[in-house]
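In case you want the letters, here they are:
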Amino acid sequence: MKFTKTKVIILIFTVFLSAGFIGTSALGGTNSVTQSATGFIAPKVLTNVSLNDGLISEFWVNITSYQNISEYGEGGFVKFANNATHLYSLLVFPKDSDWVSVEFEPDPEACMTNLNDGWSFYTSESPDSVEAKDVKFIGIRKPEDDTQKNLAIESVFVDNLAYVELVRPFDTEDADGFDITYSNGSLNMLQFASKASHFGAHTDYYLLITDSIIGEVPLDPIVDIPVGANLGQIKFLLLGVTPAGVFVFIIFHAIRRVFTSPIQHGYERVVGNSYKPPTFMERWRETFTSED
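Since this is a predicted model, take the numbers as computed values, not measurements.

S.K.: Mind showing me how you'd approach the overall build of the protein chain here?
M.R.: The number of helices and strands found in the protein chain is three helices and 16 strands. Relative to its 292 residues, the protein chain shows a buried fraction of 40%.

Pasting the structure below:
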């Protein structure tokens, strides 16, 4: 196939247009391809949690919706429940973790950012203790404390594990607007992290709050996470790098062949008795071969 100047321009324009079209599709069509999520169901329990008895509430044994949290290390897992007004959680992690965290509605492309609501737990072994903080995440730095502190906990230590029982109101009435408000049927995404597992990808989980009591918990909901949400790098390539590359090529060509070494329009290639325009390779060699 031979390329005339017109065909080359059309080809470049097509690449540019395609990049914009595909990139726009990637931005606007994130729901077309999905992947299944895993997570927690927080059933309604008919008892209140006591945070002053030095014991973990017995009802946690009967809650089978839980996840082993690899970010927390060996033995780490989490469960959730509710009593229609408060969210309960049982978090288990090695007591030498230094710190572990939970982030709500996380950015799928970055951990602990965008002022997202979260909980952080700081551990100490001299003596064994856990400090809980209601926080908002601000990037790779230590999270900032919320103005309102709405977490109440009790920690129990067994062997090398810390068991943290937590109570948090559905609605904290946070004037700053950083705290998520829960309700029956609410569905939120969350991620976990720790000092040992902070950077890199983290598993996305869902949290479904239900008024079904233990033993009547519904089947796991079908929750789809748009795969398009993880296409940031591809979108950057399509919308930024490709058009920029075409633009740079056009500028380079203009500098090279218009200002410094303009093409001699008298150039002809005669085959037999008829004029034939130069082939693409002939134009390529002419463009990038010095005539000095």
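Next comes the rest of the write-up.
S.K.: I would appreciate a short explanation of unusual backbone geometry in the present structure.
M.R.: With the exception of glycine, the majority of residues adopt a negative phi angle, and the majority of peptide bonds are in the trans configuration. For the peptide bond that leads from serine 126 to proline 127, omega is -5°, which places it in the cis range. Among the structural elements, proline 127 can be located in the loop between strand 7 (117-125) and strand 8 (128-136). Its identity as a non-glycine residue notwithstanding, alanine 84 has a phi of 85°, on the positive side. Its identity is not glycine, yet aspartate 98 carries a phi of approximately 75°, on the positive side.

S.K.: I'm lost on the packing of aromatic side chains in this one. Help?
M.R.: The geometry of an aromatic ring pair is captured by the separation of the ring centres together with the interplanar angle, meaning the angle of the planes. Evaluated as defined, the whole model comprises 13 aromatic pairs. Ring geometry for tyrosine 66 versus phenylalanine 77: centroids 5.8 Å apart, planes at 70°, classification edge-to-face. A residue pair is termed long-range when its members are at least 10 positions apart, and tyrosine 66 in strand 3 (residues 66-68) and phenylalanine 77 in strand 4 (residues 77-82) qualify at eleven residues. Residue class for phenylalanine 77 comes out buried when judged on its relative accessible area of 17%. Taking 5.0 Å as the distance between ring centres and 65° as the angle between the ring planes, the aromatic pair formed by phenylalanine 104 and tryptophan 119 counts as edge-to-face. A residue pair is termed long-range when its members are at least 10 positions apart, and phenylalanine 104 in strand 6 (residues 99-104) and tryptophan 119 in strand 7 qualify at 15 residues. With respect to class, phenylalanine 104 is no different from tryptophan 119; both count as buried. Put simply, the rings of Phe40, Tyr72, Phe80, Phe93, Phe104, Trp119, Phe121, Tyr182, Phe192 and Tyr205 pair up and form one aromatic cluster. Positioned above the aromatic ring of tyrosine 66 is the side chain of lysine 79, whose terminal nitrogen or guanidinium carbon lies 5.4 Å from the ring centre. For lysine 142, the ring lying beneath its charged end belongs to tyrosine 122, and the centroid distance is 5.1 Å.

S.K.: Please explain a nonpolar patch on the surface as it appears in this structure.
M.R.: A surface patch of nonpolar side chains, about 550 Å² in accessible area, is lined by Phe249, Ile250, Phe280, Met281, Trp284 and Phe288. If you trace the backbone, phenylalanine 280 turns up in helix 3 (residues 280-288).

S.K.: Honestly, the pattern of salt bridges in this entry has me stumped. Any pointers?
M.R.: Side chains that differ in sign of charge can pair as their charged atoms come close. Under the defined criterion, the tally for this structure stands at six salt bridges. Linking lysine 95 and aspartate 128 is a salt bridge whose minimum nitrogen-to-oxygen distance equals 3.4 Å. With a gap of 33 residues between them, lysine 95 in the loop between strand 5 (86-94) and strand 6 and aspartate 128 in strand 8 connect regions that are remote in the sequence. In this structure, lysine 136 engages glutamate 144 in a salt bridge whose closest nitrogen and oxygen atoms are separated by 3.8 Å. A single network of salt bridges, built from pairs that share partners, joins Glu131, Lys133 and Asp145.

S.K.: Sorry, what's going on with the environment of leucine 55 here?
M.R.: Here leucine 55 shows up in the loop between strand 2 (38-44) and strand 3. Given the relative accessible area of 53%, leucine 55 is considered exposed. Distance from leucine 55 to tyrosine 163, taken between C-alpha atoms, is 9.5 Å for residues 108 residues apart in sequence. Those residues within four positions of leucine 55 in sequence are excluded, and the remaining contacts are Ser50, Glu154, Val156 and Glu165.

S.K.: Any chance you could explain the confidence of the model for the protein chain here in plain terms?
M.R.: Segments scoring low in pLDDT should not have their predicted coordinates read at a detailed level. In the predicted model, the protein chain carries a mean pLDDT of 77, and the fraction of residues at 70 or more is 68%. Taken together, the stretch residues 13-35 has pLDDT below 50 and engages in 32 contacts with residues farther than four places along the chain or on a different chain. Confidence drops under pLDDT 50 across residues 226-234; counting only partners more than four residues distant or on other chains, this segment forms 19 contacts.

S.K.: Hey, could you run me through the pairing of strand 4 in this one?
M.R.: In the case of a regular strand, side chains alternate between the two sheet surfaces. Strand 4 sits mainly inside the fold: six of its six residues count as buried. Side-chain alternation along strand 4 places Phe77, Lys79 and Ala81 on one buried face and Val78, Phe80 and Asn82 on a second face that is also buried. Across three bridges, strand 3 lies against strand 4 in antiparallel orientation. Pairing of asparagine 68 across the sheet is with phenylalanine 77, part of strand 4. Sheet analysis places strand 4 next to strand 5, joined by six bridges and oriented antiparallel. Residue pairing in the sheet places asparagine 82 in a bridge with leucine 87 of strand 5. Where strand 4 folds back on strand 5, the antiparallel hairpin that results is connected by three residues, among which alanine 84 adopts a positive phi of roughly 85°.

So, how was this worked out
- Residues numbered from 1 in each chain as written.
- Predicted model: local features only at pLDDT ≥ 70, side-chain atom pairs only at ≥ 80, totals over all residues.
- Heavy atoms only, no water.
- Helix = DSSP H or I, 4+ residues; strand = E, 2+ residues; numbered from the N terminus.
- Buried < 20%, exposed > 50% of the residue type's maximum accessible area, 1.4 Å probe, protein only.
- Phe/Tyr/Trp six-rings, centres within 6.5 Å; stacked < 30°, edge-to-face > 60°.
- Lys NZ or Arg CZ within 6 Å of the ring centre and 35° of its normal.
- Patch = residues over 30% accessible without salt bridge, like charges linked within 9 Å, V, L, I, M, F, W, Y side chains within 5 Å.
- Areas by Shrake-Rupley, 256 points an atom, 1.4 Å probe, with all protein chains shown as cover.
- Salt bridge = Lys/Arg side-chain N within 4 Å of Asp/Glu carboxyl O.
- Contact = heavy atoms within 4.5 Å.
- pLDDT = per-residue confidence, 0-100.
- Pairing = 2+ DSSP bridges.

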